[in-house]
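# Coordinate inspection notes
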Amino acid sequence: MKQDIYQTDLIASNDSQLLDVYSSTVTSVVKSTSQAVVHISVIKKVQDQRTRKLTEQGAAGSGFVISSDGYIITNNHVIEDALNIRVAFGGELK
């Protein structure tokens, strides 16, 4: 019985250490890459399914800067047919 308790404590202790290492790794990655992440706001023309009228509607997505001269990668559906595109870095959002 005591051996089972000891093994359970050992496993829990090892899991705790692994989680600490994992947490430190994730935190480090976020700190080193978060400045490259951008928020993308767009305005698109969409057709109201009920009235069939075209209206402007806001949408949003994310992307990230891939080069020092400012190229941004995002998904096509985020900017496809956008009338207006606005990009902001995390520190600029309010």
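Attention in this report is confined to the structure presented alongside it. As the structure is a computational prediction, the values presented were derived from the model and not from experiment.

Conventions and cut-offs
- Residues numbered from 1 in each chain as written.
- Predicted model: local features only at pLDDT ≥ 70, side-chain atom pairs only at ≥ 80, totals over all residues.
- Heavy atoms only, no water.
- Pairing = 2+ DSSP bridges.
- Helix = DSSP H or I, 4+ residues; strand = E, 2+ residues; numbered from the N terminus.
- Axes fitted to C-alpha atoms, helices over the stretch in contact; angles between N-to-C directions.
- Buried < 20%, exposed > 50% of the residue type's maximum accessible area, 1.4 Å probe, protein only.

### A short note on the pairing of strand β2 (residues 54–65)
Pairing between strand β1 (residues 37–47) and β2: 11 bridges, direction antiparallel. Opposite Ile40, over in β2, you have Gly61 as the bridge partner. Hairpin connection between β1 and β2: a loop of six residues separates the two successive antiparallel strands, and Arg52 in this loop has a positive phi of roughly 70 degrees. The sheet contact formed by β2 and strand β3 (residues 72–74) spans three bridges and is antiparallel. Note that in β3 the partner of Phe64 across the bridge is Ile73. Linking β2 back to β3 in an antiparallel pair, the connection comprises six residues, with Gly70 at a positive phi of about 95 degrees.

### Section: the sheet that holds β1
Pairing in this open sheet of four strands is antiparallel, and the strands run β3-β2-β1-β4 from one edge to the other. Whereas interior strands pair on both sides, the edge strands pair on one side only; in this sheet they are β3 and β4 (82–89). For this sheet, the mean inter-axis angle between neighbouring strands, taken without regard to orientation, is 35 degrees.

### Some points on unusual backbone geometry
Positive phi, close to 70 degrees, is recorded for Arg52, a residue that is not glycine. Topologically, Arg52 is positioned in the loop between β1 and β2. One non-glycine residue, Asp81, lies in positive phi territory at about 60 degrees. Among the structural elements, Asp81 can be located in the loop between α2 (76–79) and β4. With relative accessibility at 65%, the residue Asp81 sits in the exposed group.

Everything listed is a geometric property; what it means functionally is a separate question.
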